[in-house]
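Here's the letter readout for the chains.
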Amino acid sequence: MGVFEPPVISSEEALRLRRQAELAIGEYVARGRKVYREMPLARLLGALGRFGIAAEEAPHALRLLGAQVIEIPDFVAKYNYRVTFSEDVLARCRRTYEEYRRSMS
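Figured I'd write up the structure that's included with this text.

Scoring rules and cut-offs
Residues numbered from 1 in each chain as written. Predicted model: local features only at pLDDT ≥ 70, side-chain atom pairs only at ≥ 80, totals over all residues. Heavy atoms only, no water. Core = buried A, V, L, I, M, F, W, Y, C linked by side-chain atoms within 4.5 Å. Buried < 20%, exposed > 50% of the residue type's maximum accessible area, 1.4 Å probe, protein only. Helix = DSSP H or I, 4+ residues; strand = E, 2+ residues; numbered from the N terminus. Contact = heavy atoms within 4.5 Å. Phe/Tyr/Trp six-rings, centres within 6.5 Å; stacked < 30°, edge-to-face > 60°.

So, on to the nonpolar core. Grouped together as the largest cluster of nonpolar side chains are 28 residues, with contacts concentrated most on I25, L41, L44, L48, L62, L65 and F85. The set of elements that each furnish at least two residues to this core consists of α1 (11–30), α2 (45–50), α3 (58–65), β4 (81–84) and α4 (87–104). If you tally residues by element for this core, the top one is α1, at 7 residues. Look past the residues within four positions of F85 in its chain and what remains in contact with it is I25, V35, M39, L44, L62, L65, A67 and L90.

Turning to the packing of aromatic side chains, a few remarks are in order. Taken as a whole and judged by the stated rule, the model has 3 aromatic pairs. Judged by centre distance (6.1 Å) and plane angle (70°), the ring pair of F51 and Y100 falls under edge-to-face. Of this pair, F51 sits in the loop between α2 and α3 while Y100 sits in helix α4, and the two are 49 residues apart along the sequence. With a relative accessible area of 27%, Y100 lands in the partly exposed category. Taken together, the ring pairs connect F51, Y97 and Y100 into an aromatic cluster.

Here's what the structure looks like:
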């Protein structure tokens, strides 16, 4: 299929989605969950949902983070995207989540 092309949204909405996605992926990693190359989007939906990101918004939110989001054929999976994170993106998400947790204490 190809690389996911995001919808056009306001800059405020983009900032909100990016922040929520950073927190969600940071929490996912902090919980000791495995992140691997071309992982199915479905594996991340629980974490994203806990931070208010719906399944329909997930590909765009992850792309805003800097993750590579690739669309796959519909017959392969219900949520037909694969996601790859660079180490820099994962490190940023970890830091964002740790700062968020400290601010909540």
